[in-house]
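Topology and contacts: notes
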Amino acid sequence: MAPQDTASGARGEAPPRRLNIKINNKYYRIGPEISKDMPLIDFLREEVKLPGTKVLCREGGCGVCTVVATAPDPEHEGAHKTFGVNACQLLVYACAGWSIETVEYLGNRYDGYHTLQKALTGFYGTQCGYCSPGMIMTMYGQLKSSGSLTAAQVEESLDGNLCRCTGYRPILDAFKSLAEDGDQCLKDKLVDIEEANNAKCPKTGNVCKGKCESSKEDNESGCKNEQEDADPIEEEVEFTDGEIQWYRPLTLVGIKNALKKIRQDEKYCIVVGNTGQGVYKEDGPYTTYISTNAVKALYNVTIGEPLTLGANVSLSRAIEVFQHVANAYPNYRYLDALVRHWKLVANVSVRNTGSWAGNLMLKHKHPEFPSDIFLTLLAVDAQLTLIDADRTDTTQVDLETFLRTDMSKRLITSVILPPMAQGMQFRTYKITPRTVNAHAYVNACFKIKVDPDDGFKVTETPTIVYGGIHPDFIHAKQTESFLTGRSLMEVPTIINAAKVLGKEVKPDAKPQDASPQYRRSLAQSLLYKTIVSILGDKVSREITSAGTMLERPLSSGQQEFDMNSDMWPVGKAIPKVESATQISGEAVYLDDIPTLPGELHGAFVQTKYAKAKLKSTDASQALAVPGVVAYIAARDIPGRNTFYPGGVTDPVFVEEQVNYAGQAIGLIVAKDRETAVRAAKLVTVEYEDIEKPALTIDEAVKQGRDELAVNFATGKREAHSLGDVEEGFKKAKNKLEGELHQGSQFHLTMEAIAARVVPTEDGYDVFSTTQWPTQTQATVAEVLDIPAHSINVSVRRIGGGYGGKITRQHVVSSAAAVASRKLRCPVRIVVDLNTHMSLVGWREPYLSKYEVGFDDDGKFQALKVTMFSDAGHVPNESSVGFLAGPLQNAYYVPGLLFRPVIVRTDTAANTWCRTPGTVEALATIENIIEHIANYLKKDPMEVRLVNMVEPEVPRLMAPPLERNVIKDDILPLLKQKAMYEQRKEEVEAFNKANRWKKRGLSIVPLWYGYNYPSMFRYGIQVSIYEHDGTVAVTHGGIEMGQGINTKVAQVAAHTLDIPIEKVIIKASDTTVGANSIVTGGSFGTDICCHGTKVACEAIRKRIDAIKSEELKKDSEKEMSWEQLVKICHLRDVDLCERYWTAGKEHPHRYDIWAACCLEVEIDVLTGQYLLRRADIVEDCGKSMNPFVDIGQVEGAFVMGVGLYTSELVKFDVETGVKLSNGTWEYKPPTALDIPVDMRVTLLPNASNPYGVLNSKATGEPALCFSYVVVTALRHAIAAFRAENGNEDWFEMHTPLTVEKVQQLCGVRPEQFRLSRSDGETCPDDYQMVDKDDVPAVVGNDEESVSCSMN
Ligand SMILES: Cc1cc2nc3c(=O)[nH]c(=O)nc-3n(C[C@H](O)[C@H](O)[C@H](O)COP(=O)(O)OP(=O)(O)OC[C@H]3O[C@@H](n4cnc5c(N)ncnc54)[C@H](O)[C@@H]3O)c2cc1C
Ligand code: FES
Ligand code: FES
């Protein structure tokens, strides 16, 4: 869509029935050609052609689509407000009269970059870059709306932006360097970043001070606000195009009139922020939308007693008002609690547009929704005002009555919050699976009046309300009544109240929710927490920790590394070569490529059962949708129906037998993505022979679907062994056995898998988000049954890979190719997050079973381990056969038997995910060490040390070591840097002093055998241009964030001895990079750098020969690089070199060493935890680029933290449908989940004679030692259990969610005391906790709930 010529021409001149939106200072008039339900993101990307803003989840849960909006401030005539917002939620029609800024406008290569952009680049805050525009716009929105930035605001405002690559620390540092109160070191670094302080405001050309004020016309920074140009909303609008009605009334009467026009059977939606669709996607489609954001009355805020908020007041604005009122009015102090609570609702962008009334309506429509807004407003006795389209009067209802009120054609207009008597104790809680941007497991509010002078007697019926229990459960009435008149100082009151509560709280069992036993226990714990906090210093010192929540201080980071200046720019910490394009949105990802005329879009039709047969498929309804072009299915495939060339069949489209829920049945192809997605839902599929699927390793093993993996040493299906295992067991004085389940993990590339296939004169151009173009080419060739040379695959970059785009994306390329061939036009498939998560497999889940024999020092004597890997329905990518080496980690096991077993379940074929199997093997041995230590009552560190492997000792499937760098170098350094011994004592002292908060400190070492498989080969082409001596390199590897292009450019510049600015890296393709292998396993960067070095050396040799000859002719001759290149060209020297990194010239195998020390703190009552401090030392040889390497270390570590804590996968056990299929259910770490204090040291004075330019790889290893989060949590949990007399071993299957932590602690009402000595005077009606009653393995809700966890 073309912008209107001039901004000024917009007003008054706009034709009727069109709305104006200003985007990046240009006006766009929207009318009937734009669908009324089009989200802003699609308008920006598809109509305005601004692809800088990215899209992934379409749920408000990832933040990649953040833009900054300036809209009329309804509370202040003529003023405007600026805020960050998710463009995937906002409907474009609702933005009428608004001004939108996207990342392209903030700064770009032509106009210069904004300070925020420069800071993100300079601090190495981008890797794959897919999240970067969203990060920047979130911060820009914060900066513009508040006029300044503090470090706390930086952290708070990133609560909705996910990044899978960086581990967040550099992003936080980058933005904090601009904060008023930012650490001076960060500010100094910012100054060092080239020209950062002279970054120009792209709008004014003035120097930007990183500060914008929205309330002044020309602010101090010179950043002029353009909001005065925003189009005022002056008229009511009504669009009726036969399909969807859109109303934009200006008054309440206008809304009523619009409501009156709606037929009884029509589905309508009142649009405020439209964020509700992020939670309940299936509520639509609607035939009528009523946008109420021009109705000023709905934004009214009346401050005083009572406080009134209009229905459209956003959650962010409400928080501001609450803050102000709580400070100004003593009877509204309680609003402080609401501020804290509401800040935990959704994320900043959702809160900026989402209204409290919209939230209540979600609760109204979906009673199971654990609405925080409903619960908190209910607890404070708020009253809602409602109007009815057919009546003139208004109604006031309390929150519970509201739930029972028929809201059809009714509108909430305001809420009244009454004052609360001083002395009333008010507490609210929200316990979530992740620190922020997560819905509650359970939320609760307590309003209790007590008489402190009378033993804290409860003087009137308290209010105790819960969410997340049961759709019909709100008030804990029996507990309220039990507590009335009783003294909170009396332990029996507390314990019996908790027991009464335990009886009346009956959580429902829903597959996607936490277990009922946890939610009940949480309800009880929160009651106890409330009572302890009310009693304050009346409880004994060690009990006070029950009354508080974990407080997360501002985070910080430290990085130490050698600057190896002898080979610069190799060794120099420089930003990514493409970071400038990433931070401005100019970097092109697959879906940013403009569509060709006639290009079509595909959307998958997926199975809803895991184990069934297809009976029939009927696409007629879908094909009848205007814009739908075709339905493509298995019968349309001319070649092999598999997206795995040569290997085991994994069908592109199901023919008859369904292998997993989510598998593709067919593809609807339509003129646009939205139509295709909508129509795909209309395809009806009938199934037969439906069976209950096997979804877990245990179930599949029971069905005999397991087989031993091939032993690579012998080529047979047999176990791997070292030494005499049976003899070792005979000698061993101590023996233990146990097992460990480790769950799956979604790669969560922020760019989903996608493909675009364009027919050409010689075949097809395939654009794919692939880590392996060669295999994409082969797959498409087989599927289409055409020669490989007809298929040209090219990849500029991908938005994250982590193994998830090695083979799994072939399904998308194959489907697009089949459609393109059949329809003879370009076809693009960009799947949404839900589809991505269900269409393909993830990290393999593992089960390890072990028997170990050891002496009294804890020294291994014999070990038998069977590791079962859940390969999914086909075992093409199982890693389990490679794990004998990693299983030994840095230890020596004299007698070892390792059985790798592949198990097939009725799930999507699982695939490699960053350190596949290696991390699970390391976790297995570390778990065994912990088990031994527990048995011998030793410090696990002692057991680790006693087992350290010595040099030259034989190892299973790994060569003997030259040195044990862990023992000799890394552990001494780490212990000293982390002050391990001192902090160990401090942790013990803390645990003694605090009954309900426990800390754990642990160190996990890592040996990582880095062995180049011989199949890892890449084609590299270096081309020097005679025109100006600039250099282009293309390599067979894929840039996916890991920094391959940056390191290759550094190596080329170093080897050719030219400035790095002369080198550019081009896209990878299957012509120059023909036959190159996958980029993965941390091999790609090393080998491509090696190949670049060899190719550059070859050219350099030719150039140097000419140079010598020239100098022979004239020894005084001075030749610049450019002149030399020209001379070479004139003398017919080939300035290009292609190198194939085959054979002996590969770098040698080598060892990577690292260790991490982590301290955690848990809140026993809730299970929540805080990673207090992580110290990491990793040996990466002579780092080629410390920025890149530290980025890899931190990113991998945080991804591992997610694997082991919050990233839980759940299935529906009856159908096999993956329930964790979006941001609402699946929780990777956010910026507020990383270690509060994160210190990374690259081992000093390190080198590596076997690596490329003495370096070592960094992409994967750090994920392995993230298992330290489990061992540290184990120590904290064990500390609590030990206090209850239970020092027994307990198994800790991962992920270790908040739920599991609490359940493993074994919290019981009987423990709810006011001092340690209370136990001695226990009344008969409660018991001391019996250690046998503490569940050994809990949190696995398979038995009680109809779900399973992998
Ligand atoms: C990523 C994400 C995370 C979230 N996390 C949480 C959370 O942790 N806790 C929590 O409680 N909530 C959470 N939410 C819900 C969020 O608070 C709501 O989506 C938001 O408040 C809805 O406001 P809205 O203005 O966008 O409503 P809309 O989406 O515009 O409307 C929602 C519904 O309300 C109706 N409606 C709107 N206004 C009125 C009115 N005045 N009268 C009658 N009907 C009306 C609409 O017709 C529609 O059916 C989350 C949402 C998202 C997207
Ligand atoms: S795409 Fe909008 S928040 Fe994820
Ligand atoms: S850089 Fe953040 S997701 Fe890749």
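Residues numbered from 1 in each chain as written. Chains lettered and ligands numbered in written order. Predicted model: local features only at pLDDT ≥ 70, side-chain atom pairs only at ≥ 80, totals over all residues. Heavy atoms only, no water.

1. Side note on the environment of P39
- Counting through the fold element by element, P39 comes out in the loop between β2 (26-30) and α1 (40-47).
- Taking relative accessible area as the criterion, P39 reaches 9% and is therefore assigned buried.
- Separated by 1260 residues in sequence, P39 and E1299 have C-alpha atoms that sit 36 Å apart.
- Each residue touching P39, except ones within four places of it in the same chain, is listed here: R58, A87, C88, L90, L91 and V92. (Helix = DSSP H or I, 4+ residues; strand = E, 2+ residues; numbered from the N terminus. Buried < 20%, exposed > 50% of the residue type's maximum accessible area, 1.4 Å probe, protein only. Contact = heavy atoms within 4.5 Å.)

2. What to know about the nonpolar core
- Formed by 241 residues in total, the largest nonpolar core has its most connected members in F175, Y466, F604, F653, W996, F1197 and F1265.
- Beyond its immediate stretch of four places on either side in the chain, F1197 contacts C1156, A1174, I1176, P1235, M1238, A1262, L1263, F1265, S1266 and V1268. (Core = buried A, V, L, I, M, F, W, Y, C linked by side-chain atoms within 4.5 Å.)

3. Considerations on the site of ligand 1
- Ligand 1 sits among 38 residues. The nearest are T275, G276, S355, D372 and K430.
- Between a nitrogen atom of ligand 1 and a main-chain N or O atom of A346, the distance comes to 3.2 Å.
- For ligand 1, an oxygen atom lies 2.8 Å from a polar atom in the side chain of K365.
- Contact with the protein chains covers 97% of the free accessible surface of ligand 1, which is 980 Å².
- Of all the secondary-structure elements, those providing two or more residues to the shell around ligand 1 are β8 (268-271), α11 (348-353), α12 (356-365) and β14 (410-417).
- Across the shell around ligand 1, the residue classes tally to 19 nonpolar, 14 polar and five charged. (Near = heavy atom within 4 Å. Polar contact = N/O pair within 3.5 Å; in protein donor to acceptor, adjacent residues only side chain to side chain. Areas by Shrake-Rupley, 256 points an atom, 1.4 Å probe, with all protein chains shown as cover. Nonpolar A, V, L, I, M, F, W, Y, C, P; charged D, E, K, R; others polar.)

4. Observations concerning helix α27 (residues 918-936)
- Given a rise of 1.5 Å per residue, 19 residues ought to cover 27 Å, and the 27 Å separating the end C-alpha atoms of α27 matches this to within 8%.
- For α27, the buried fraction is high: 17 of the 19 residues fall into the buried class.
- Just downstream of α27, K937 is the residue with a positive phi angle, here 55 degrees. (Expected span 1.5 Å × (residues − 1).)

5. A short note on the packing of aromatic side chains
- All told, the structure shown has 31 aromatic pairs when counted by the stated rule.
- Taking 5.7 Å as the distance between ring centres and 35 degrees as the angle between the ring planes, the aromatic pair formed by Y332 and Y334 counts as tilted.
- Residue classification places Y332 among the buried residues on the basis of a relative accessible area of 0%.
- When its relative accessible area of 6% is taken as the criterion, Y334 is described as buried.
- On the numbers, 5.3 Å between centres and 40 degrees between planes, the contact of W996 with F1280 is tilted. Placement of the pair is W996 in the loop between α30 (980-993) and β36 (997-1010) and F1280 in helix α36 (residues 1268-1283), with a sequence separation of 284 residues.
- Among the residues examined, W996 registers a relative accessible area of 0% and is labelled buried. (Phe/Tyr/Trp six-rings, centres within 6.5 Å; stacked < 30°, edge-to-face > 60°.)

6. Brief notes about the pairing of strand β37 (residues 1019-1024)
- For β37, the tally of buried residues reaches six of six residues, placing the bulk of the element in the interior.
- Burial along β37 is two-sided: G1019, Q1021 and S1023 facing one way and I1020, V1022 and I1024 facing the other are all buried.
- In terms of strand pairing, β37 meets strand β41 (residues 1136-1140) through five bridges, oriented antiparallel. Opposite I1020, over in β41, you have Y1139 as the bridge partner.
- For β37 and strand β38 (residues 1031-1035), the ladder comprises five bridges, and the chain directions are antiparallel. Along β38, the bridge assignment pairs Q1021 with T1034.
- Here β37 hands over to β38 after six residues, with G1029 in that stretch at a positive phi of 80 degrees. (Pairing = 2+ DSSP bridges.)

7. Section: the packing of α36 against helix α37 (residues 1298-1305)
- In the contact formed by α36 and α37, the axes pass within 9 Å of each other and the chain directions differ by 30 degrees. In terms of orientation, α36 lies roughly parallel with respect to α37. In this structure, α36 contributes L1273, I1277, F1280 and R1281 to the contact, and α37 contributes V1301, L1304 and C1305. (Axes fitted to C-alpha atoms, helices over the stretch in contact; angles between N-to-C directions. Parallel < 35°, antiparallel > 145°, perpendicular 65-115°, else oblique.)

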